[in-house]
Amino acid sequence: MQMMTRDVLLEMEQEEDDDEDGDIESENLDQMMVSSFGALESQHGCESPAFEEFNGKADSLFFNDGHRRIDFVLVYEDESRKETNKKGSNEKQKKKRQAYESNLISDGLQLEATRSVLDDKLVFLKVHAPWEVLCTYAEIMHIKLPLKPNDLKTRASAFSNFNWFTKVLQVDESIIKPEQEFFTAPFEKNRMNDFYIRDKETFFNPATRSRIVYFILSRIKYQVRENVKKFGINKLVSSGIYKAAFPLHDCNFSCPSEDFSCPNERHLLYREWAHPRSIYKKQPLDLIRKYYGEKIGIYFAWLGYYTQMLFLAAVVGVACFLYGYVNQNNCTWSKEVCHPDIGGKIIMCPQCDRLCPFWKLNITCESSKKLCIFDSFGTLVFAVFMGVWVTLFLEFWKRRQAELEYEWDTVELQQEEQPRPEYEARCTHVVINEITQEEERVPFTTWGKCIRVALCASAVLFWILLIIASVIGIIVYRLSVFIVFSAKLPKNINGTDPIQKYLTPHTATSITASLISFVIIMILNIIYEKVAIMITNFELPRTQTDYENSLTMKMFLFQFVNYYSSCFYIAFFKGKFVGYPGDPVYWLGKYRNEECDPGGCLLELTTQLTIIMGGKAIWNNIQEVLLPWIKNLIGRCCTVSGSEKITPRWEQDYHLQLMGRLGLFYEYLEMIIQFGFVTLFVASFPLAPLLALVNNILEIRVDAWKMTTQYRRMVPEKAQDIGAWQPIMQGIAILAVVTNAMIIAFTSDMIPRLVYYWSFSVPPYGDHPHYTMEGYINNSLSFFNIEDYKNRHKANPYTGLGNHTTCRYRDFRYPPGHPQEYKHNIYYWHVIAAKLAFIIVMEHVIYSVKFFISYAIPDVSKSTKSKIKREKYLTQKLLHENHLKDMTKNMGFLAEKIVEAVDNNLRPKLE
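In this report, the structure presented in the accompanying data block is examined. (Residues numbered from 1 in each chain as written. Predicted model: local features only at pLDDT ≥ 70, side-chain atom pairs only at ≥ 80, totals over all residues. Heavy atoms only, no water.)

### Observations concerning the nonpolar core
Soluble globular proteins tend to pack their nonpolar side chains together in the buried interior.
For step 1, the next point in the chain: Counting 145 residues, the largest nonpolar core has Trp302, Tyr306, Trp389, Phe393, Phe677 and Phe681 as its most contacted members.
For step 2, the next point in the chain: Here this core takes 15 residues from helix H10 (residues 294-326), the largest share from any one element.
For step 3, the next point in the chain: Membership of the second largest hydrophobic core comes to 44 residues, among which are Ala185, Ile212, Val213 and Leu236. (Core = buried A, V, L, I, M, F, W, Y, C linked by side-chain atoms within 4.5 Å. Buried < 20%, exposed > 50% of the residue type's maximum accessible area, 1.4 Å probe, protein only. Helix = DSSP H or I, 4+ residues; strand = E, 2+ residues; numbered from the N terminus.)

### Side note on the side chain of Gln283
For step 1, the next point in the chain: Along the chain, Gln283 turns up in the loop between helix H8 (265-274) and helix H9 (285-292).
For step 2, the next point in the chain: Among the polar contacts made by the side chain of Gln283, one reaches the side chain of Trp273 at a distance of 3.1 Å.
For step 3, the next point in the chain: Within the local environment of Gln283, its side chain forms a polar contact with the backbone oxygen of Phe300, the two atoms lying 3.0 Å apart.
For step 4, the next point in the chain: Look past the residues within four positions of Gln283 in its chain and what remains in contact with it is Trp273, Ile288, Phe300, Gly304, Ile700 and Arg701. (Polar contact = N/O pair within 3.5 Å; in protein donor to acceptor, adjacent residues only side chain to side chain. Contact = heavy atoms within 4.5 Å.)

### Looking at H9
For step 1, the next point in the chain: Among all positions in H9, only Leu285, Leu287, Ile288, Tyr291 and Tyr292 are buried. Buried residues of H9, seen end-on, are gathered within an arc of 160 degrees and therefore sit on one face of the element.
For step 2, the next point in the chain: Contacts from the buried residues of H9 go to helix H6 (206-217), H8, H10, helix H13 (377-407) and helix H22 (688-710).
For step 3, the next point in the chain: Two residues or fewer past H9, Gly293 is found with a positive phi of approximately 100 degrees. (Arc of directions from axis to C-beta.)

### Quick look at the sheet that holds strand E5 (residues 122-128)
For step 1, the next point in the chain: Overall, mixed pairing links the five strands, which are arranged E2-E4-E5-E3-E10 in an open sheet. Edge positions in the open sheet fall to strand E2 (50-51) and strand E10 (244-246), since each of these has one partner strand only.
For step 2, the next point in the chain: Judged from the six bridges that link them, strand E3 (residues 72-77) and E5 form a sheet pairing that is antiparallel. Bridge pairing links Val73 to Lys126 in E5.
For step 3, the next point in the chain: In the packing of H6 onto the sheet, contacts are made with E3 and E5, and the angle to E3 comes to roughly 45 degrees. (Pairing = 2+ DSSP bridges. Axes fitted to C-alpha atoms, helices over the stretch in contact; angles between N-to-C directions.)

### A closer look at the environment of Lys121
For step 1, the next point in the chain: As for its position among the elements, Lys121 is in the loop between strand E4 (110-115) and E5.
For step 2, the next point in the chain: Here Lys121 falls in the partly exposed class, since its relative accessible area comes to 28%.
For step 3, the next point in the chain: A C-alpha to C-alpha distance of 8.3 Å links Lys121 and Glu79, two positions 42 residues apart in sequence.
For step 4, the next point in the chain: What Lys121 contacts, discounting residues up to four positions off in sequence, is Tyr76, Glu77, Asp78 and Arg81.

### Digging into the side chain of Asp250
For step 1, the next point in the chain: Within the secondary structure, Asp250 is located in the loop between E10 and H8.
For step 2, the next point in the chain: Although buried, Asp250 forms no salt bridge, and the nearest oppositely charged side chain, Arg713, lies 5.8 Å from it.
For step 3, the next point in the chain: Within the structure, Asp250 has its side chain in polar contact with the backbone nitrogen of Asn264 (distance 3.4 Å).
For step 4, the next point in the chain: A polar atom in the side chain of Asp250 sits 2.7 Å from the backbone nitrogen of Glu265. (Lys, Arg positive; Asp, Glu negative; His and termini not counted. Salt bridge = Lys/Arg side-chain N within 4 Å of Asp/Glu carboxyl O.)

### As for the environment of Leu413
For step 1, the next point in the chain: Structurally, Leu413 is set in the loop between H13 and helix H14 (421-424).
For step 2, the next point in the chain: With 269 residues separating them along the chain, Leu413 and Lys144 place their C-alpha atoms 9.6 Å apart.
For step 3, the next point in the chain: Not counting residues up to four positions away in its chain, the partners in contact with Leu413 are Lys718, Ala719 and Gln720.

### So, the packing of aromatic side chains
For step 1, the next point in the chain: Scanning the entire structure with this criterion turns up 56 aromatic pairs.
For step 2, the next point in the chain: Here the aromatic rings of Tyr306 and Phe675 are separated by 5.9 Å at their centres, their planes lie at 65 degrees, and the arrangement is edge-to-face. Of this pair, Tyr306 sits in helix H10 while Phe675 sits in helix H21 (residues 663-680), and the two are 369 residues apart along the sequence.
For step 3, the next point in the chain: Accessibility expressed as a relative area gives 0% for Phe675, which makes it buried.
For step 4, the next point in the chain: Considering the side-chain rings of Phe321 and Tyr325, the 6.4 Å spacing of their centres and the 20 degrees angle between planes classify their relative orientation as stacked. With Phe321 and Tyr325 both in helix H10, this residue pair falls four residues apart, about one helical turn.
For step 5, the next point in the chain: The exposure class assigned to Tyr325 is partly exposed, which follows from its relative accessible area of 46%. (Phe/Tyr/Trp six-rings, centres within 6.5 Å; stacked < 30°, edge-to-face > 60°.)

Okay, structure coming up:
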């Protein structure tokens, strides 16, 4: 049999297409379709779907006959009733659509058209895949289907004694019943008797049916132009021929269906998963997977597991924060800053050349108190703990992911995945497969692939450089506006005005720069999303998994620079290369480099993280909750005139929002960026895991709510794991050890304080008889002779705060008058040596622990390995036994025929 003996294709040689997706030479398409899609019985003639009136059953999921299930819905605007478009354009669109629908019918699908109840210009085309079509394409797509019930015994949980506690968190099994487990195998039509087929109507569940139909819709042709055929529902939707294409939700989310045959899975998901009252319950992952597919199921499984692990990190982080908060009153160096006879008498050098005045150290009193909370011994403990925590999270997630692969039958998914239709459309070059030594088609040659990769890499590099340029712009803003704030804000504390206490030039510069940085980040993010998709489309990956992995790497590389660049600048560059007052370092030969607060840049890094994490969470929630809700509200208001009419399920779903095939990608991206903030800079902000935990608890329910109530049902897709996000998280985990060690060493003041305590507070360098932190502030600030401003041919406009001959600045240099004046002193070299030693020791200790944990915890648990091997063995045994039974039956039948034939031949001779 051939798949199609007669296709309805339109000759449109002069029409220009809006894009090239779905184009392929005619002969290549025919070869591809026949070789890839197998055979179906051909149906002759040009056919069109029958029009039927809506039967008034709002919850019906079937054609008007009540038997054929609706597997997919296509929506178009009747060209004869359009008013805005030109008549010629309408006719061309109509011919394309009619050709496409005729070829759908020729391919075996059954169609039924119904006009909209609220807008008679809209037509809903309902698609049903009969049994023969489902079986044919299930074999083509290598879909695993049940062979027999799984009778393997499950091992009792180690926490079974605590069932009385965990039962509160579990979903009620009387409401959402556990799914029956089966042994499965890739479907084959010629071995249909081996499969567990009790009812043909339920053997393929709705998610599988929709997946098969979408596979067909993506590959059906509708036009030929210059020996090039156009195909695919995606292009038809993007060109406006169809307005939408989607599978149906099974019922209204707020109440169960009146149809007793409806499983009401959407209502159950809303009630037991998306509703706020279920926020403390575990997620019904099996039902999520059954309704939305494995791809969405694995995302929520990962997000839930990440949130559970954050609970431990949040507890330790809060404990470290409380440790710093309780001990802030015992912070000796902060007391010295705030003391009127110490900090109040230390005159600091101006931090810019002209407008900045001298200032007293005690105006930073409040910020130094806050810094004591974050820059404490607890921070060091927490940084080491997070280095171990992230490894435990990743290793245990691998084990959990392996369990889900087994339970959801995705262990051998990579062998099943089909090429994208956009890739197949470009397969025009013939090459010899090195393994099979047979001809196969590829979209471009090796040289063409190199050119594409080079162009894509250049485009990504350009955008990364653009982000770096924006970061430099923010730095220039900091340097410029700091001068203004220094001139306008109070120079010293004369009262109890909160503005005078908290709004220092450093704080004002930091907050405004962080807000501007956040706005620029979001703007560049919106633009680059579109650019990255264009680049990936040009790159032309083979499968959907390859496509998403390629897009993931591009987007994350961009987002990494976009979101983290400002934090890296504050942590590792600001205040590190400033020189000293008599010989400062200038940016671009004009702007004097920023200096840190006398307590360091750690507090500013904490402020930056808080603003970006908090602002990003608020922005994302606005996008995810308010925007779709407002759009749906506007849509309902626009159709208020027909609100009293009964609308069918397909029309209700049409007025919901489209999530898009990359909708889940952005959810992953949001969480991975958060994961980076939680791990890379956690040494500066131990409350980051707590904020992430609260956000994620809400994120799970918000995502569940919008998918269940505000969005159309997505096409179910298979997924074996979380894809490229796994190696990205592993890379972040390795980098996090380095960044946190460097934050403690170079951004905080912990190492200089320890060096002072153990070496420079006592003889031979100090005067104290015992180890103490007293005198640290005086020891950590160097002297500068004010007269040296004049000696270096610079005007000295600084007057005020008395007639002082010297001022202080943050560095470890010899005082004026010393033979090596303004050169780094012995304290500086002790501190540098201690910092480097600390980084090396901390990195080696944490990396050693990480590698040991990775080695000790296998990616797949022993029980899961045993289950996979056992199921594979039993499946093969079952198929082999069934094959032997068939052979024995056939051999017995053949033997009977032979014996009967021999008897018939011998009987006449004997007579």
